[in-house]
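# Examination of the molecular architecture
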Amino acid sequence: MSNLSEDLVFLVLKYLDEEGYKEAAHMLERESGLYFDMNYFEELMLSGKWDEAEKYLSGFTKLNDNKYSTKIYFEIRKQHYFEALDKKCRAEALDVLTNDLQVFAKGNEELFKEMTQLMTFENIREHESLSMYRDTKSARKVMMKEIKRVIEANPIFRGRLEFPIVKGERLRRLINQSLNWQHMQCEDPHQNPAIDTLFVDHVCDPQPSQTISYQSPACSVKSSLSTVAQYASRIGGSFPAKNPATKVIEDSDVLSKRMPIVTVDEVTSTITDHGQNHISELAISKDLPSTVIRTLNEGSSPVSMDFHPVWLTVLLVGTSAGEIGLWDVSCGGKMVARNFNVWDLGACSMALKVALEKDSHVSVNRVLWSPDGFLFGVAYSKHVVQLYSYIGGDELDQILEIDAHLGGVNDLAFSSPEGELLVITCGDDRTIKVWDVVSGNRCFTFEGHDAPVYSVCPHIKDNIPFIFSVSTVGRIKVWLYDNLGDRIDYDAPGLGCTKMAYSADERLFSCGTSKGGESYLVEWDDTVGCFKRVYKGLGPNPLSAVQFDITRNQLLAAGDDHMVKFWHMDNTQLLKAIDADGGLPANPHIRFNSDGTLLAVSSSGNQIKILANANGLDLLQGCGNDSIDASGVESETSRKNGNVAEVNSKTTGEATYGEKAWETIERPSQCQSLQLCADVKRTKISKLIYTNAGDAILALTSNAIHLLWKWPQNDLSSSGKATTKVQPLLWRPTSGLQLMSNDLSSTNPEETMPCFALSKNDSYLMSASGGMISLFNVISFKTMRKVMAPPPAATCLAFDPRDNNVVAIGMDDSTIMIYNARLDKVTNALAGHTKRVTSLAFSTSMKSLVSSGADAQIFVWNADEWKIQKSKALQIPDGSKLRALLQIPDGNKLRALSDSDTHVQFHEDQLHFLIVHKTHLAIYEVKELGCVNKWVSDSSEPISHATFSCDSQTVYASFVDGTIGIFDASVLVLCCRIKPSAYLPADISYTVYPLVIAGHPQKPTQFAVGLSNGEVHVLEPLESEGEWGILPTVKRNLESSAPAKTTFQGFLYE
């Protein structure tokens, strides 16, 4: 099947799904074999529809295709057999055994014999291997988890488990485009064509009495198309040639007769059809933030604004007096205010010093948040750009000050073209400059404009990063991140001050005003450099340039003629104009928040009006009870003028940005905790993990003994999952074998790194304590094999999730061994680290292995070819802060760890991972090893261990002073702090602290800690609370702006 034929099948599948033809879609999936719907297959399996499940599976693989396929069919039929026996349906069980399982007997005679003997058992749980078999529902879930793993490892399913990203209604849109093309070929095209069928091509009947007047194309750029083609070729584009004079009609809703859903984004024409308006103004008007719900008073005129990309109610403002302020618009309170001040005058250029001495007045020209919201930049009217960090409270951290341009800095933008966060500036000196955010070094300087540069717009298209720049005379240039000069040069409409911006769906817009006062709002075809639309409704503006903004719900807005004007992106006609209760300047500054529910508009009298739609009102009401207390913060400029900012709503919240607002738990009554009992002599807990089923906890002590606690099923714990309500049993096998124990090395146990790894099916354990590596059967406690006598000794272990027989083993000589248990040999040896390997983790989606070591290096390895893909050195804090963290009164603490031991754990999305070092926590993305978030300890106590919760929304971290920190993983902000007095007895030694911490695999709020005295404690929040404490305002804003699962966007680089 050709690629286009496959695409067509996927489009049909998408259409069937959208129309609700589920069974037809699954039949097409099976017959085409292109897409395996794992969710549908899981639904069949969990419902016990064995025949239907096998029938669906047969469209993709047959029983004997390979070992993985054989395993899948065996697991299905085995579960069917067990259930029949469990239900006492002997006839059905016999039928499954003889007809379905018989095919697996060849080569597995002993296994088949053992399964046959199950027919003689009254209760299959009497068999030792099935002693843990519980109810049917639980067994099916365990089976499905194993089958999923095998399917993902099966090469036959590669490329068939993920549905390609297809825009909604794509098939409809293609048909509409085809109808448009057919209509273009009509000799006498009707203004409102009647299309009644798709079975034949559309042709308009002749109507000699009627003529159609098309609007001429917008304008063409002054630069030649050859220049544009040169630009396209240089940035790697392969753009089709287009005739700028081509006339097409708008996508019609003719399909509504057969396909009733027609979306607004189907309109692609550059020509407005005056006879019919396909956009429902009533529906769109509901999305407009048009209700004034708050008025903020600044001390001087607001000239630039930007909402925080995550905290939807936090507004950054820059004023004409050089002041910056942070507002919580949910309550109208000002949280932070700073006037312009040069941080290091001695490091400034002489030109800046002279300029300030001549005229000390400085205005803000632009404020902007970085994509992740951890930094913001301020561009000033004299030379300077300043970068701040803000993560809550009333403090701003000064990050970087740049003496960037001679004269004013007119605009700034953030970009990450190759993973490193950069800030781009432009100024009166006619240059564009690119700066490294971390070092402050200048990376590039672009020269070529013959007038001051008014604005910049970085973007990435087809994996090629580039920058648009526009001068004050409307000259547009495009630059790549090199020193080869501009790639394209053409004119903006009106030849005046213009700003450009991309929408969330990759459409390019610009808005500007000519020297004569004519304003233009246009959409560009960025593939050929011409206009697609020119929006109507802007008036003359002789005094200043019109400001505009875009929101993701397909709306454009501009401040014009003392009003805010709105357009839908696909309609050039003005949608609506509002005056925001009056008092707006001629060209007000405007800014949407990231979801388009709020709009900030500058107003006369140094005010800012906050407008909201219905969702915006809900957002502010939801934040109302957690409003930020800004009663003590006044604008510095306001104090000079003797004015105090008006607050139009009372601040009633208890949590503040200006104080440490996390919850502190210090009494046993504030949480649920359980100490696990054990009648075994034990030393400190070196390793700790929950079983994947969530019904047991496994610990490895420093004296090489494994302790396995299992929770029983009873009235207090019907599921048998780990809980603080029921004391688990320290498990011992019925065979009478001793507890599982490792070989100890002859060296000092304190100098070894005990390690273990549990297979995904909880059946096998690989473990080492400085001696040989042991492979245990967890059910029977039998030692199945011992391998790899030291030296070198194993320091960390990880099972390959695609194959339980493959184990990655980190060694103390800096190597990584890939061991195949089935072959009982090392298949690969990986070299890269310079000191011992301290942690390993596999990513299933990226097919990668991540390793970290005592050399403070992170390596990403290709898990198929076992080659290095990427590496990075961690920046470990040094100096007095690190020394303070390492100088601990109790010399026994962390003795076994070197200064740079690190540990890694993957996020649930398998695209990011957590790095744990005693000085800090950090979250990295795998592909480029960019640091997404980072938290550095500001206390004198090191971090002993940390882990994600099962949903990766939380990070649990233990500290050497006995406290436990609970962090919001999306921003690495501390939400809750548990003191040792909350879970440890009052008479316990102060030297006891958590060495390791583990999260429950199904309960995101439960975790366990292993202590330095050998105890294990399980902790959960109170049932009345339901979750651990979190900063209320942060939580509500995050929940209202982000999907259910954490996503990471920008980087905060080390």
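None of these values were measured; they are calculated from a predicted model. (Residues numbered from 1 in each chain as written. Predicted model: local features only at pLDDT ≥ 70, side-chain atom pairs only at ≥ 80, totals over all residues. Heavy atoms only, no water.)

## Some words on the packing of helix H3 (residues 38-46) against helix H4 (residues 50-58)
Where H3 meets H4, the closest approach of the two axes is 8 Å, and the angle between their N-to-C directions is 155°. The orientation of H3 with respect to H4, classified from their angle, is roughly antiparallel. Considering the relative orientation of H3 and H4, their crossing is left-handed. For the pair H3 and H4, contact is made by Tyr40, Phe41, Leu44 and Met45 and by Trp50, Glu52, Ala53, Tyr56 and Leu57, respectively. Looking at side-chain class alone, the contact of H3 with H4 contains eight nonpolar, no polar and one charged residues. (Axes fitted to C-alpha atoms, helices over the stretch in contact; angles between N-to-C directions. Helix = DSSP H or I, 4+ residues; strand = E, 2+ residues; numbered from the N terminus. Parallel < 35°, antiparallel > 145°, perpendicular 65-115°, else oblique. Left-handed = near helix turned anticlockwise from the far one by under 90°. Contact = heavy atoms within 4.5 Å. Nonpolar A, V, L, I, M, F, W, Y, C, P; charged D, E, K, R; others polar.)

## A look at the packing of aromatic side chains
Taken as a whole and assessed by the stated rule, the structure comprises 33 aromatic pairs. Centre to centre, the rings of Phe60 and Phe157 are 6.3 Å apart; their planes meet at 25°, and the pair counts as stacked. You can see Phe60 sitting in the loop between H4 and helix H5 (67-86) and its partner Phe157 sitting in the loop between helix H8 (136-153) and helix H9 (170-184), a full 97 residues away along the chain. Here the aromatic residues Phe36, Tyr40, Phe41, Tyr56, Phe60 and Phe157 are joined through ring pairs into a cluster of three or more. (Phe/Tyr/Trp six-rings, centres within 6.5 Å; stacked < 30°, edge-to-face > 60°.)

## Let's talk about the pairing of strand S50 (residues 931-936)
Relative to S50, strand S49 (residues 920-925) runs antiparallel, the two sharing five bridges. Within S50, the position partnered with Leu921 by the bridge is Trp935. If you look at the hairpin formed by S49 and S50, you'll find five residues sitting between the two strands, and Leu929 has a positive phi there, around 55°. (Pairing = 2+ DSSP bridges.)

## With respect to the sheet that holds strand S38 (residues 783-787)
Here four strands make up an open sheet; going across it, the order is S35-S36-S37-S38 and the pairing antiparallel. On the outer flanks of this sheet lie strand S35 (755-758) and S38, each paired with one strand and no other. Within the sheet, the average angular offset between the axes of one strand and its neighbour, ignoring direction, is 15°. Pairing of strand S36 (residues 764-768) with strand S37 (residues 773-777) involves four bridges; the strand directions are antiparallel. Along S37, the bridge assignment pairs Tyr764 with Asn777.

## A look at the pattern of salt bridges
Under the defined criterion, the tally for this structure stands at 39 salt bridges. Note that Arg507 and Asp570 form a salt bridge whose closest N and O atoms lie 2.7 Å from each other. On the criterion of sequence distance, the pair formed by Arg507 in the loop between strand S18 (497-502) and strand S19 (508-513) and Asp570 in the loop between strand S24 (563-568) and strand S25 (576-578) is long-range, its members being 63 residues apart. One exposure class covers both Arg507 and Asp570, and it is buried. Three or more residues joined by partner-sharing salt bridges are found here, namely Asp505, Arg507, Glu523, Lys532, Arg533 and Asp570. (Salt bridge = Lys/Arg side-chain N within 4 Å of Asp/Glu carboxyl O. Buried < 20%, exposed > 50% of the residue type's maximum accessible area, 1.4 Å probe, protein only.)

## Some points on the environment of Gly962
Examined against the element boundaries, Gly962 turns out to sit in the loop between strand S52 (954-959) and strand S53 (964-968). The exposure class assigned to Gly962 is buried, which follows from its relative accessible area of 0%. For the pair Gly962 and Glu941, spaced 21 residues apart in sequence, the C-alpha to C-alpha distance is 9.3 Å.

## Focus: the nonpolar core
Counting 41 residues, the largest nonpolar core has Phe36, Phe41, Met45, Tyr81 and Leu101 as the members making the most contacts within it. For this core, the elements supplying multiple residues, two or more each, are H3, H4, H5, helix H6 (90-101), helix H7 (109-117) and H8. Beyond its immediate sequence surroundings of up to four residues, Phe36 is in contact with Phe41, Tyr56, Leu57, Phe60, Ile151, Phe157, Arg160 and Leu161. Core analysis: the next-biggest nonpolar cluster, separate from the first, contains 31 residues, Trp709, Met740, Leu765 and Val1016 among them. (Core = buried A, V, L, I, M, F, W, Y, C linked by side-chain atoms within 4.5 Å.)

## Some remarks on the sheet that holds strand S3 (residues 314-319)
Spatial ordering of the open sheet is given by S2-S3-S4-S5, a layout of four strands whose pairing is antiparallel. Here the strands that pair on one side only, and so sit at the sheet edges, are strand S2 (302-307) and strand S5 (333-338). Strand-to-strand twist of the sheet, defined as the mean angle between neighbouring strand axes without regard to direction, takes the value 20°. With five bridges connecting them, S2 and S3 associate as antiparallel partners. Pairing of Pro302 across the sheet is with Thr319, part of S3.

## Some remarks on the confidence of the model for the protein
The predicted model of the protein averages 81 in pLDDT, with 82% of residues at 70 or higher. Every residue in residues 625-660 scores below 50 in pLDDT, and together they form 82 contacts with partners more than four places removed in sequence or on other chains. Within the model, pLDDT remains below 50 along residues 1031-1054, and this stretch shows 80 contacts once partners closer than five positions in the same chain are excluded. (pLDDT = per-residue confidence, 0-100.)

## Considering the packing of H5 against H8
Running from N to C, H5 and H8 cross one another at 175°; their axes reach a closest spacing of 9 Å. Of the possible angle classes, the one that applies to H5 and H8 is roughly antiparallel. From H5, Tyr68, Lys71, Ile72, Glu75, Ile76, Gln79, Glu83 and Asp86 reach across to H8, where they touch Thr136, Ala139, Arg140, Met143, Glu146, Ile147, Val150, Ile151 and Ala153.

## Details of the pairing of strand S7 (residues 375-380)
Among the six residues that make up S7, six are buried, leaving the element largely enclosed by the rest of the structure. Of the two faces of S7, the one carrying Leu375, Gly377 and Ala379 and the one carrying Phe376, Val378 and Tyr380 are both buried. In this sheet, S7 lies alongside strand S6 (residues 364-369) in antiparallel orientation, the contact comprising five bridges. Looking at the pairing, Leu368 lines up with Gly377 of S7. Two successive antiparallel strands, S6 and S7, enclose a turn made up of five residues, where Gly373 displays a positive phi of approximately 85°. Note that S7 and strand S8 (residues 384-389) share five bridges and pair antiparallel.

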